[in-house]
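Structure at a glance
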Amino acid sequence: MNQPNLPPHLQGLTRSEVLERRAAGQGNDAPLKTSRSYAQILRENIFTFINFVFVAISVVFLFLGSFSDAILVAAVILSSVVINAIQEVAAKRKLDEIALLTRPKATVVREGREQDIDPSEIVAGDVLVLRSGDQILVDGELMAGEIAADESLLTGESDPIEKETGSPVFSGTICLSGSGYYVAQKVGRNSLAHQLTESARTFRQMLTPLQSEVNLVIRIFMIIACFFWALVAIGFIAKAISFNETVQRSAVIAGLVPSGLYLTVTLSYALAAVRMVGKRVLIQQANAVESLSNIDVLCVDKTGTLTANRIQLTELWPIAPGQDLATLTQQVGIYAASTRSGNATSEAIALGCPAPGQEPLYEIPFSSARKWSAIAFGADPIALPAAGPVAGYYVLGAPEMVSAGLAEPLLPEWRDRAQTLARQGFRVLLFAVSPTIPPKPAKRDSAPLPQDLQPLGLLVFSDELRPSVTETLQGFAEAGIRLKIISGDNPDTVRAIAARVGLGENLSAVSGADLAAMTETEFAQAAIEHQIFGRIVPEQKARLVTALRRAGNYVAMIGDGVNDVLSLKQANLGIAMESGSKATRSAADIVLLGDSFETLPYTFLEGQRIGNGIRDVLKLFMVRVFCVTLLILCTGQVLGTFPLLNKHSAVVTIVAVGLPTFGFPLWARPGKPRQKSVLKSMLNFTLPATLTLTPIAVAVYLGYLVTTIWNATQTGEELVVLNDALLAVPRSALVTLLVSCGLLLVPFLKPPAGPWVAAEPLCGDRRYSLLALGLLGVYAGLVALPGTREFFELVLLQPVDYLLIGAIALSWCLLLRYIWRSGLFDRFLGFKLSDWNH
């Protein structure tokens, strides 16, 4: 497109004026933070409620001289903080890098010439060029042209705001349509929207469904822990227990709060982020990885997703009486060369029909709502020189939209040809002219279509499909994701493209006009039933996404154009193409670098893998926490003692739960979970395991305690005091049982073979079981080595004791397997735990 000659007031600043203003501090050099600072990351990871609890307990241990206990508690805090901080610092650096790479360029006019500069080089008084899809970078005033701006960042309202010469424009807003020039008035920190824009680009932490349920679990056990702490405090005040025992019990109670779940979730997100880096997928929010596991409906646009956003003008059909191909070719060529709000369509026309541009009276840019654009020519007409000066109002748009303004209906021959080409997957536009030039509308988005249009020709375009698009769509199907194609093109064209990429020949389609005539209930039903949506306006896209969400779907939306911004904001997960508009990249949670559409199936599968791994981890955590909680209640009620010391609880947590879970995110398989609610999905596994393990653990503890007391009384002592020395053997036996049973739960959770299938389906992956076996060896080594055994305050039992405990653990496995397979708990409760999905 040729740059038009600029009037004097749009010539811009001179080089010397720019230097003077920058020296005077009128530059746009205010730093824009793209993510949290390093100090903020550390603060948010260190100053948490659970960390304060552990720090307090650690300080008391130090005060009592129990340095090993203090080190153990501090290690839990430090490892969680370090891993979280490392992951979030890595995310910050990536966000900063992407912000630098995708930082918008400013097009300014200086000394009468347009030039691209970095936004930081703008100075007050600069004249900036503004085109459709551009972000407005500084506050100013529109000096020429007309635009429609998205000011939702400032106002929260999504409706486009009409701007004309003299209207103010604000930084952080988006030019949705039109073009023009504006002068920079407030730059840098003086910008009205500086703080809002900074906030919009800053790292945002929003909880996913899984995170919300994990938080709920932790809060519940925090309440339980507070109840136990209150009981311990009462016991200390009543002098029923010593200060040292009070601290020990408080530390064990603190272990009931599964704070390690935060660590596991963070590690899982970090692992996914590392895997996706090589796939050219930018996760702008870390928990967007887990959001991917919930997606069951994916909304895509045909242009830019199924197709490569590259179109080619393939045919021109003159349809006006006496019109020849040469005349039509020059007419559409001048039209494309004269527009200031260019798009892919005008570029394809200009490439296929080169012609000189002319200065129009005014222009109506293309709108997704209207489906047509127009240019009014006066003294310089769109006509061959020999044809004479014919001024007019020229319209280009969708045939079904432009036909509504024709003076005479389109001949059936041409109407049928347009429909046939659309059904074959071609994009067809109708070019028409009105001899009467209507007055320039006050608002371009409300520009009426003239009713005396005369058809001039049909323009036929072909879309280039994306490479590997068929394989990509098959990947969506394998991930259990339903596809909805929402496009501004003719439904028949979209359906033909869908057939070409392998989605099927008989997809149900509906047009935007039909949707507009529906009631709210009918609209919601249509959103669910149909797969193809054609001639859709931006507001309808957003309504479709909202309707799908209200129907209980977790919806992802892919967009690349400005008209996709509203629907991206309505979706559970917004995905943008890197080559898309700045507006879509700003609104999206995930950006596909290099427009790597073919990596999306991998991305969805990775999200499912992470979600499934976290669900498995949570089941093991819950069995341990529930079991220890019930043990504290039982033994406290009967004996007034605690069954475990703080170090014992740490051993059970680390060996039986913590270490096994490191392999779960690595080896988890993708697939939609059978139940959406993670809490409900745990019941079938957690409840039988906990309620059978707890009485067996109590029996082992009491059995060894009675035996120890009996042996002590044989020495002639008349009174046996239940102290730590006397409880050492029962506690060591209990720890051994809990570790053994905890590791035996792993093959039940991920069955390597048929005999282990009871609560969960066959996995067939032996790595989980081998890991559990290896960790059993780790525990044996920990007990066998005097140094580690003394550190964790365990005692070495007799070989016969270990054989007995092993036999009890295996017997518990058989009992648990029978309960799961027979549905004993289901019959007792009156419904199937595994089916509780609502």
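Residues numbered from 1 in each chain as written. Predicted model: local features only at pLDDT ≥ 70, side-chain atom pairs only at ≥ 80, totals over all residues. Heavy atoms only, no water.

Let us now look at the environment of Ser596. Within the secondary structure, Ser596 is located in the loop between strand E21 (590–592) and helix H23 (600–638). On the basis of relative accessibility, which here comes to 4%, the residue Ser596 falls in the buried class. Between the C-alpha atoms of Ser596 and Met577, which are 19 residues apart in sequence, the distance is 7.8 Å. Sequence-distant contacts of Ser596, that is, excluding residues within four places in its chain, are made with Lys279 and Arg280. (Helix = DSSP H or I, 4+ residues; strand = E, 2+ residues; numbered from the N terminus. Buried < 20%, exposed > 50% of the residue type's maximum accessible area, 1.4 Å probe, protein only. Contact = heavy atoms within 4.5 Å.)

Let us look at unusual backbone geometry. The phi torsion at Glu111 lies on the positive side, around 55°, for a residue other than glycine. Considering the arrangement of structural elements, one finds Glu111 in the loop between strand E1 (106–110) and strand E2 (113–117). Although it is not a glycine, Lys371 adopts a positive phi angle of roughly 70°. Checked against the element boundaries, Lys371 lands in the loop between strand E11 (362–364) and strand E12 (372–377).

Tallied over the entire structure, the rule returns 14 aromatic pairs. Arranged with centres 5.3 Å apart and planes meeting at 65°, the rings of Phe748 and Trp820 form a pair that is edge-to-face. Here Phe748 is found in helix H26 (residues 724–749), whereas its partner Trp820 is found in helix H29 (residues 799–822), with 72 residues between them in sequence. By relative accessible area, which is 9% here, Trp820 ends up buried. Members of the aromatic cluster, joined through ring pairs, are Tyr335, Phe377, Tyr394 and Phe431. (Phe/Tyr/Trp six-rings, centres within 6.5 Å; stacked < 30°, edge-to-face > 60°.)

Quick look at the sheet that holds strand E17 (residues 509–511) now. With mixed pairing, eight strands are arranged side by side in an open sheet as E8-E21-E20-E19-E9-E16-E18-E17. Every other strand in the sheet has two partners, leaving strand E8 (281–283) and E17 as the edge strands with one partner each. This sheet shows a mean twist of 20° between the axes of neighbouring strands, independent of strand direction. Here strand E9 (residues 297–300) pairs with strand E19 (residues 555–559) via three bridges, running parallel. Bridge pairing in E19 places Val297 opposite Val555. Sitting on the sheet, helix H17 (residues 491–500) touches strand E16 (482–486), E17 and strand E18 (532–534), and the angle it makes with E18 is about 145°. (Pairing = 2+ DSSP bridges. Axes fitted to C-alpha atoms, helices over the stretch in contact; angles between N-to-C directions.)

Our next topic: the packing of helix H24 (residues 646–667) against helix H27 (residues 767–784). Contact pair H24 / H27: the axes reach a minimum separation of 10 Å and the direction vectors enclose 155°. The angle between H24 and H27 places the two elements in the roughly antiparallel class. In terms of crossing hand, the pair formed by H24 and H27 is right-handed. Contacts from Val651, Val655, Leu659, Pro660, Gly663, Phe664 and Trp667 in H24 reach Arg767, Tyr768, Leu771, Leu775 and Tyr779 in H27. Its residues assigned to classes, the contact of H24 with H27 comprises ten nonpolar, one polar and one charged. (Parallel < 35°, antiparallel > 145°, perpendicular 65-115°, else oblique. Left-handed = near helix turned anticlockwise from the far one by under 90°. Nonpolar A, V, L, I, M, F, W, Y, C, P; charged D, E, K, R; others polar.)

Secondary-structure assignment places Thr339 in the loop between helix H12 (325–338) and helix H13 (344–352). Residue classification places Thr339 among the buried positions, given a relative accessible area of 8%.

Below, the discussion takes up the pairing of strand E3 (residues 127–130). Along E3, one buried face is formed by Val127 and Val129 and the opposite face, lined by Leu128 and Leu130, is buried too. When E1 meets E3, the two strands line up antiparallel, connected through two bridges. Within the sheet, the bridge partner assigned to Val109 lies in E3 and is Val127.

Next up on the list: a nonpolar patch on the surface. A contiguous nonpolar surface patch, about 400 Å² in accessible area, is contributed by Leu42, Ile46, Phe47 and Phe52. Relative to the elements of secondary structure, Phe52 occurs in helix H3 (residues 49–64). (Patch = residues over 30% accessible without salt bridge, like charges linked within 9 Å, V, L, I, M, F, W, Y side chains within 5 Å. Areas by Shrake-Rupley, 256 points an atom, 1.4 Å probe, with all protein chains shown as cover. Salt bridge = Lys/Arg side-chain N within 4 Å of Asp/Glu carboxyl O.)

Once that is clear, we can look at the pattern of salt bridges. Scanning the entire structure with this criterion turns up ten salt bridges. The partner of Arg131 in a salt bridge is Glu114, and the shortest N-O contact between them spans 3.3 Å. A residue pair is termed long-range when its members are at least 10 positions apart, and Arg131 in the loop between E3 and strand E4 (139–150) and Glu114 in strand E2 qualify at 17 residues. On the basis of relative accessibility, which here comes to 30%, the residue Arg131 falls in the partly exposed class. A salt bridge links Glu146 to Lys440, with the shortest nitrogen-to-oxygen separation between them at 3.2 Å. Taken as a pair, Glu146 in strand E4 and Lys440 in the loop between strand E14 (427–434) and strand E15 (454–465) lie far apart in primary sequence, 294 residues in all. For Glu146, a relative accessible area of 14% translates into the label buried.

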